[in-house]
Amino acid sequence: MSEIKKIKNLKEFSTSADRFEGANLLCPGCAHSIIVREVLNATNDDLILAASTGCLEVCTAVYPYTSWDASWIHIGFENGSTAVAGAEAMYKALKTKGRLKQPERTPKFVAFGGDGASYDIGFQWISGCMERNHDMMYIVLDNEVYANTGGQRSSSTPIGSSATTTPAGSISYGETKNKKDMMGIMAAHHIPYAAQVSPNKWKDMVKKIQKGFATEGAVFINAVSPCTTEWKFDPKNTMHLADLATDSLVFPLYEVIDGREYNITYRPKNIIPVEEYLAAQGRFKHLFKDEYKYLIKEWQERVDANWAYLQRREEAKV
Amino acid sequence: MANTGWDEFEIGAMLRTFDGGIDDIAGTKQEDRSYTQNSSYTASVADWRLVKPVYNKDYCIDCQFCWVYCPDVSIISRDKKMIGVDMDHCKGCGICVEVCPTNPKSLLMFSEQADEETEIASWPSKDKGEE
Amino acid sequence: MAFDKMELNDIEVWDGNYAAAQALRQAQVDVVSAYPITPSTPIVEGYAKFKSDNFVEGEFVMVESEHAAMSGCIGAAAAGGRVATATSSQGLALMAETLYQASGMRLPIVLNLVNRALAAPLNVNGDHSDMYMVRDSGWIQFDAYCPQEAYDLNFIAFKVSEDHDVRIPAIVNQDGFMTSHTAQGVHTMDDDTAFGFVGVYKPMNDMLDFEHPVTHGVQTEEDWHFEHKARQHNDMMSIVPGKIDEAFAEFEKLTGRKYNHVESYDMDDADVAVVCMGTSVETAREVAKEMREKGVKAGVVGIRVVRPFPFMAVAEALKDVKAVAALDRSAPGGAAGMLFNEIAGALFNTDTKLLLSGYIYGLGGRDLTKAHLVELYNELQANADAGKLLTQQQQFIGVRGPKLAYL
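It should be emphasised that the depicted structure is a prediction, and the values quoted were computed from it without experimental measurement. (Residues numbered from 1 in each chain as written. Chains lettered and ligands numbered in written order. Predicted model: local features only at pLDDT ≥ 70, side-chain atom pairs only at ≥ 80, totals over all residues. Heavy atoms only, no water.)

**Concerning the overall build of chain C**
Next up, step 1: What chain C contains, in helices and strands, is 13 helices and 17 strands.
Next up, step 2: Relative to the compact-globule value of 22 Å for 407 residues, chain C shows a C-alpha radius of gyration of 21 Å, a close match.
Next up, step 3: Projected onto the principal axes, the alpha-carbon positions of chain C cover approximately 70 × 55 × 45 Å.
Next up, step 4: Total accessible area on chain C is roughly 14,800 Å²; 53% of this is exposed by carbon and sulfur atoms.
Next up, step 5: On chain C, the mean spot of the 33 positive side-chain charges and the mean spot of the 56 negative ones are 6 Å from each other. (Helix = DSSP H or I, 4+ residues; strand = E, 2+ residues; numbered from the N terminus. Rg over C-alpha atoms; globule rule 2.2 N^0.38 Å. Areas by Shrake-Rupley, 256 points an atom, 1.4 Å probe, with all protein chains shown as cover. Lys, Arg positive; Asp, Glu negative; His and termini not counted. Charge placed at Lys NZ, Arg CZ, Asp CG, Glu CD.)

**Quick word on the domain arrangement of chain C**
Residue and element names in this part refer to chain C.
Next up, step 1: As assigned here, chain C comprises domain 1 (11-255) and domain 2 (263-406).
Next up, step 2: Distance from the C-alpha centre of domain 1 to the C-alpha centre of domain 2: 28 Å.
Next up, step 3: Contact residues are listed per partner, giving 30 residues for domain 1 and 26 residues for domain 2.
Next up, step 4: Per-residue buried area on domain 1 facing domain 2 is highest for Tyr 132, Arg 135 and Tyr 145; these three make up 34% of the total on that side.
Next up, step 5: Linking domain 1 to domain 2 there are 2 salt bridges.
Next up, step 6: Residue Arg 304 is joined to Glu 149 by a salt bridge in which the shortest nitrogen-to-oxygen separation is 2.6 Å.
Next up, step 7: One can count 16 residue pairs in polar contact (both at pLDDT 80 or more) joining domain 1 with domain 2.
Next up, step 8: Those elements giving two or more residues to the side of domain 1 that touches domain 2 turn out to be helix 5 (129-133), strand 6 (140-143), helix 6 (147-162) and helix 9 (240-255).
Next up, step 9: The residue inventory of the side of domain 1 that touches domain 2, partitioned by class, reads 16 nonpolar, 8 polar and 6 charged. (Domains from an automatic or database assignment. Contact = heavy atoms within 4.5 Å. Buried area = accessible area lost by both parts, 1.4 Å probe. Salt bridge = Lys/Arg side-chain N within 4 Å of Asp/Glu carboxyl O. Polar contact = N/O pair within 3.5 Å; in protein donor to acceptor, adjacent residues only side chain to side chain. Nonpolar A, V, L, I, M, F, W, Y, C, P; charged D, E, K, R; others polar.)

**A closer look at the interface of chain A and chain B**
Next up, step 1: On the chain B side, the residues contacting the 43 residues of chain A number 45 residues.
Next up, step 2: Across the chain A to chain B interface the summed buried area is about 3,700 Å²; carbon plus sulfur atoms make up 59%.
Next up, step 3: For the pair chain A and chain B, the interface holds 4 salt bridges.
Next up, step 4: Taking the shortest distance from any N to any O, the salt bridge between Arg 33 of chain B and Asp 69 of chain A comes out at 2.8 Å.
Next up, step 5: If you look at where chain A meets chain B, you find 21 residue pairs in polar contact (both at pLDDT 80 or more).
Next up, step 6: Within the residue set of the side of chain A that touches chain B, elements represented by two or more residues are helix 1 (10-13), helix 2 (31-40) and helix 10 (238-247) of chain A.
Next up, step 7: When grouped by side-chain class, the residues that make up the side of chain A that touches chain B number 18 nonpolar, 14 polar and 11 charged.

**Description of the packing of aromatic side chains**
Next up, step 1: A complete count under the given rule lists 33 aromatic pairs over all chains for this structure.
Next up, step 2: When the centroid spacing of 5.4 Å and the interplanar angle of 15° are considered together, the rings of Phe 13 of chain A and Trp 202 of chain A count as stacked. A residue pair is termed long-range when its members are at least 10 positions apart, and Phe 13 of chain A in helix 1 and Trp 202 of chain A in helix 8 (residues 202-214) qualify at 189 residues.
Next up, step 3: A relative accessible area of 9% means that Trp 202 of chain A is categorised as buried.
Next up, step 4: Here the aromatic rings of Phe 77 of chain A and Tyr 146 of chain A are separated by 6.2 Å at their centres, their planes lie at 80°, and the arrangement is edge-to-face. Of this pair, Phe 77 of chain A sits in the loop between strand 2 (71-73) and helix 4 (80-97) while Tyr 146 of chain A sits in the loop between strand 4 (137-142) and strand 5 (168-169), placing them 69 residues apart in sequence.
Next up, step 5: Taken together, the ring pairs in this structure connect Trp 14, Tyr 18, Phe 50, Phe 55, Tyr 151 and Phe 155 of chain C into an aromatic cluster.
Next up, step 6: Looking at Arg 283 of chain A, its charged tip hangs above the ring of Trp 231 of chain A, at a distance of 4.0 Å from the centre.
Next up, step 7: Over the ring of Phe 50 of chain C we find Arg 25 of chain C, and its NZ or CZ is 5.7 Å from the ring centre. (Phe/Tyr/Trp six-rings, centres within 6.5 Å; stacked < 30°, edge-to-face > 60°. Buried < 20%, exposed > 50% of the residue type's maximum accessible area, 1.4 Å probe, protein only. Lys NZ or Arg CZ within 6 Å of the ring centre and 35° of its normal.)

**Some points on the sheet that holds strand 14 (residues 323-328) of chain C**
All names here are of chain C.
Next up, step 1: An order of 10-12-11-14-15-16-17 is seen for the 7 strands of this open sheet, with the pairing classed as mixed. In this open sheet, the two edge strands, each paired with only one partner strand, are strand 10 (262-265) and strand 17 (405-406).
Next up, step 2: As judged from the 4 bridges shared by strand 11 (residues 272-276) and strand 14, these two strands associate in the parallel manner. When the bridges of strand 14 are listed, Val 272 appears paired with Ala 323. (Pairing = 2+ DSSP bridges.)

**Remarks on the state of the cysteines**
Next up, step 1: Applying the stated criterion across every chain, the model contains 0 disulfides over all chains.
Next up, step 2: No disulfide involves Cys 30 of chain A; its sulfur sits 6.3 Å from the nearest other cysteine sulfur, which is in Cys 27 of chain A.
Next up, step 3: The cysteine Cys 60 of chain B is free of any disulfide, with Cys 66 of chain B supplying the nearest cysteine sulfur at 6.3 Å. (Disulfide = S-S within 2.5 Å.)

**Comments concerning the interface of chain C and chain B**
Interface size is commonly expressed as the accessible surface area that is lost when the partners come together.
Next up, step 1: The interface of chain C with chain B comprises 21 residues on the first partner and 21 residues on the second.
Next up, step 2: Interface area, chain C with chain B, both sides summed: about 1,800 Å², of which 62% is carbon and sulfur.
Next up, step 3: When the buried area of chain C at its contact with chain B is split by residue, Pro 213, Trp 224 and Arg 231 of chain C rank highest and sum to 30% of it.
Next up, step 4: The interface formed by chain C and chain B includes 5 residue pairs in polar contact (both at pLDDT 80 or more).
Next up, step 5: Of all the secondary-structure elements, those providing two or more residues to the side of chain C that touches chain B are strand 9 (214-216) and helix 8 (225-238) of chain C.
Next up, step 6: Counting residues per element, the side of chain C that touches chain B draws most heavily on helix 8 of chain C, which supplies 6 residues.
Next up, step 7: Classifying every residue of the side of chain C that touches chain B gives 8 nonpolar, 7 polar and 6 charged.
Next up, step 8: In this sheet, strand 9 of chain C lies alongside strand 1 (residues 15-16) of chain B in antiparallel orientation, the contact comprising 2 bridges. In the strand pairing of strand 9 of chain C, Leu 15 of chain B is matched with Thr 215 of chain C.

**Thoughts on the packing of helix 4 of chain A against helix 6 (residues 123-131) of chain A**
Next up, step 1: Relative to each other, helix 4 of chain A and helix 6 of chain A sit at 35°, their axes nearing to 8 Å. Judged by residue contacts, Ser 81, Thr 82 and Ala 85 of chain A of helix 4 of chain A engage Trp 125, Ile 126 and Cys 129 of chain A from helix 6 of chain A. (Axes fitted to C-alpha atoms, helices over the stretch in contact; angles between N-to-C directions.)

**Considerations on the side chain of His 134 of chain A**
Next up, step 1: Of note, His 134 of chain A is situated in the loop between helix 6 and strand 4.
Next up, step 2: The exposure class of His 134 of chain A is buried, given its relative accessible area of 6%.
Next up, step 3: Among the polar contacts made by the side chain of His 134 of chain A, one reaches the side chain of Glu 88 of chain A at a distance of 2.8 Å.
Next up, step 4: At 3.0 Å, the side chain of His 134 of chain A and the side chain of Arg 132 of chain A are in polar contact.
Next up, step 5: Not counting chain neighbours up to four residues away, the residues in contact with His 134 of chain A comprise Ala 85, Glu 88, Cys 129, Gly 217 and Ala 218 of chain A together with Val 61 of chain C.

Structure representation (structure tokens):
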């Protein structure tokens, strides 16, 4: 196995030579590329990358331009995971057969997909890759909506969010279904490593990505990706939204080892009310009408219950 | 490549990032890489910007928050020092200003037409209210 | 750990599936990414067993759907090595999206397509609906009529598909059950000879070359897409036929077995001919011989290379014939059959005055009997004698109920 890149602090991290380029077509203030940079810069090893169709893909490989400085492949909406699994299988085959051009290298295989590509259309493909335990990492850029196609609800869209296919209106508060517990589902595959990350907590992110890279077998990462366009906030506030997400515990940061051992990796000193997280986003604006305020209360209860659950799981140490 | 015909490009719409081989990409800074015209590094999104960040190194503590949180690889840091903003790739989102912890901030947003030297000369002083 | 070689008899009794599996073994495929479906399953089971018994060193990835099977093949091919899989019918339908992606990305992959009807109603038996469904997918398509050809054409498919001037994926068709599960004598090559024919895989634009990163699978909109698709078609039309010729010639030199884009049987002086594919070619050949004993100058034309369609060779094969039947083993869904259309297209601007009629037959594995073909040749002879079509242009063979005829 290769050496883990030393990243003691942010100054040291900033000496990284990015393998992702600007002048891509992502929106100003998009969190996707912040996450991608933190992931790619977490290692000096070679990378074999894939992306499922979505914002990241359509904005970074529009002919005749590519924003990728490592080999990268896109096939379709549902199969970024399997694309990289196929490449990983070929790597293993050529290694066995002694046909690798640079046999001393220790490449890392990473696939990115949005929540639409991961929670919905590519769900089965990811499940297959995790179950087969390919030596790869799958990363969801979770912005809780089909942003690339203009804001339709996905199974990651939370209750009360106004999406274009579940719009808030005179008799509707928007999305009525709970967000799918993808971390729980992936953990249930008993893969060696699964983690939830957020780009504001870069050190937590880098630590988990490095842990994932050092893991032999399938790794699942769910990364919260505040979406300026669909969550409806000023692009300059992307990191503020990520702070609200982690510190309100709407997106708790934790890891699951072998599907059983839960570790909470970040405990906010001051837990922010969920209401503040919701209030910062246009997609929840209607919840602040009198008739929907009960939903905000329910939101808080749900987040509290989930936090209590995670803590119990962590304490259980099983 | 704007007017190339069907017989003038790589099959499969495959793109190469670099001219020739590159041994250690993760150990080679952007300025030392030989990008092809197909890398978006060679393109510019400067015309997306309505407002731009201006960097005032007098207050910068090289904390690198702007570097890590820039979505567009536009904060140029070398040897742990912030050098400046890559104005070809900056889209003017303003995240760098928001995450800058100094007082006064070392990065501020101004209109795209603003003159950098003038703005630095009239940089706001320490904001006591934020202490 | 080195893999073991397998001693084969000069002639083995193999069905089409096992013949294809043996070809994948001898080609030493690097990655097989596959999902089981009747009747193609024994091909990938065969590869898996060869791996378990140390006869291959490649990776066998048993995925969770056919879509994922081809997705894995694409990722593996882009990484840079020899890739193959097998499927049939519904499986092909599920992977259809990725077939266009594989060809558009110019990745060499060999797909053994064991032809089976498409539901509904559900049916596991052989017809050519699956082959027809992906005829515009940009894949090279070969058609094997028997286990021997299923074996041989796999090697030819790898050779052509992986050629750096080609880099287009290839399908090897064989009839479900009639070929795939029917054991016949197959002339084998020894392992070294077989591997020598396809050679060591030569990577191109490979993702695993870490010093030359590549981006595969970009987006092209109205300003680029047309040029890329035009390039794909051009290479299929201009480069692939010549490469297939070369591969056929080299294979003949090696084995003595000769293949042609269009196979002609008893066609030198034929007045009437049927054009068909798959196992029907062999049935028709037998009937043509019998018809000749009865004084009907009957011939058979088999399409060996379905894509790129051999328009010129078809026109040449049929130029002196008086009446021709195009036999399509796929429900035409409100149009003439594919072979009828392609043959009509091949002949339209030529001097021939031949009479062309189309027949839909054998759907869902319904037998095409010798009696059917005798009747068909008699119809063709009657057309030829009358100098005009005495039937409608499209008829159905072997279906119960009132006669079906259209156009």
